[in-house]
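# Observations on the three-dimensional arrangement
One-letter residues, chain by chain:
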Amino acid sequence: MASPKLKAPVAIISKLYCSPSQVVLTVRKRPQTVTGGGFVVTEDSTQSVVFRVEGCGVLGSQGELVVRDRAGDALLLIRRKEGVVQALSINRKWKGYSFDYEGIRKLVFKLKEPNSCLGRTSAIRISTEPRRSSGGDWDFEVQGRFPEKACTIVDHLGRIMAQIGVEKGMRNMDLYYVVVKPGVDQAFVFGVIAVLDNIYGESTAC
């Protein structure tokens, strides 16, 4: 059964990143280096860069990611909450902050990361600020397997926001595509993907 369609744009970061039509974007992961890793997002139709995601790197701040626009300006700062309580928790938490025109940070989403020692089999759920769901404690969920690049981001009503996959026959998981549905905030989608990339790129040793 097809998921219900969106009636209004899903603008988490900005309406500027909500296209009226479906968009197919390509992700090319950069090699991890001393100063950082991350990936570049390009638009299939024009091959132009849409977003850049920077990882923390060996010398950078651990558990910190930045999503930048095509001009290189920071759209999202994403940080993993640290501390003894978090280390013992089943779910570690990430927080995403956007920037207003004065450069002031504003919390826009939270993501719960399944504990690596439990095999990361729990659903990955995201809540937004302000909340979009009137019930429950989450607004979006990641379904499927990100390491195989076969997963979907859905909202609390089961509507598909974005689909992640690889071309048939491709074995290189450092190159994959993301289909973002009409009206969905692309910057938010890649903020979530940045966290997923970090979660599954780290060691899972307990």
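In this report, we go over the structure that sits alongside the text. (Residues numbered from 1 in each chain as written. Predicted model: local features only at pLDDT ≥ 70, side-chain atom pairs only at ≥ 80, totals over all residues. Heavy atoms only, no water.)

### Here's the deal with the pairing of strand β10 (residues 150-155)
Counting buried positions over the 6 residues of β10 gives 5, a clear majority of the element. Pairing analysis gives 6 bridges linking strand β9 (residues 140-145) to β10, with the strands arranged antiparallel. If you follow F140 over to β10, its bridge partner there is D155. Linkage of β9 to β10, two consecutive antiparallel strands, is achieved through a turn of 4 residues, within which K149 is found at a positive phi near 55°. (Buried < 20%, exposed > 50% of the residue type's maximum accessible area, 1.4 Å probe, protein only. Helix = DSSP H or I, 4+ residues; strand = E, 2+ residues; numbered from the N terminus. Pairing = 2+ DSSP bridges.)

### Examining the side chain of K149
Assignment of secondary structure puts K149 in the loop between β9 and β10. The side chain of K149 sits in the buried core without any salt bridge; D197 is the nearest counter-charge, 5.6 Å away. (Lys, Arg positive; Asp, Glu negative; His and termini not counted. Salt bridge = Lys/Arg side-chain N within 4 Å of Asp/Glu carboxyl O.)

### Remarks on unusual backbone geometry
Going from E129 to P130, the amide bond is cis rather than trans, its omega being 0°. Inspection of the secondary structure puts P130 in the loop between β8 (124-128) and β9. Of note in this structure, Q47 is not a glycine but carries a positive phi near 65°. Assignment of secondary structure puts Q47 in the loop between β2 (39-43) and β3 (49-54). Even without a glycine there, the phi angle at K149 is positive, about 55°. Owing to a relative accessible area of 8%, K149 belongs among the buried residues under this scheme.

### Some words on the environment of S14
Position of S14 relative to the elements: it lies in the segment before β1 (23-29). Note: C-alpha distance between S14 and A187 (173 residues apart in sequence) is 7.9 Å. Among the polar contacts listed, one links the side chain of S14 to the backbone nitrogen of L16, at a separation of 3.1 Å. (Polar contact = N/O pair within 3.5 Å; in protein donor to acceptor, adjacent residues only side chain to side chain.)

### Considerations on the pairing of strand β5 (residues 74-80)
Most of β5 sits inside the fold, with 5 of its 7 residues counted as buried. The sheet contact formed by strand β4 (residues 64-69) and β5 spans 5 bridges and is antiparallel. Bridge pairing in β5 places V67 opposite L76. In textbook terms, the turn of a hairpin is the stretch between consecutive antiparallel strands, and for β4 and β5 this stretch comprises 4 residues, one of which, G72, has a positive phi near 95°.

### Digging into the nonpolar core
Judged by nonpolar contacts, the single largest core of 45 residues is most densely connected at F51, I78, L111, V178, V189, F190 and I193. Ignoring sequence-local partners within four residues, the contact set of V178 consists of V23, V24, L25, V27, A162, Q163, I164, V189, F190 and I193. (Core = buried A, V, L, I, M, F, W, Y, C linked by side-chain atoms within 4.5 Å. Contact = heavy atoms within 4.5 Å.)

### Side note on the packing of aromatic side chains
Summed over all chains, the structure comprises 6 aromatic pairs. An angle of 50° between the planes, with centres 5.7 Å apart, marks the rings of Y17 and F51 as tilted. One end of the pair, Y17, is in the segment before β1; the other, F51, is in strand β3, with 34 residues separating them in the sequence. Residue F51 is classed as buried on the basis of its relative accessible area of 0%. Ring geometry for F146 against Y200: centres 6.2 Å apart, planes inclined by 35°, an arrangement best described as tilted. Within this pair, whereas F146 is found in the loop between β9 and β10, its partner Y200 is found in helix α2 (residues 186-201), the two being separated by 54 residues in sequence. Look at F146 and you get buried, because its relative accessible area is 3%. Put simply, the rings of Y17, F51 and F190 pair up and form one aromatic cluster. Cation over ring: R105 sits above Y97, and NZ or CZ is 5.5 Å from the ring centre. Of note, K149 hangs over the ring of Y176, and the distance from its end group to the ring centre comes to 5.1 Å. (Phe/Tyr/Trp six-rings, centres within 6.5 Å; stacked < 30°, edge-to-face > 60°. Lys NZ or Arg CZ within 6 Å of the ring centre and 35° of its normal.)

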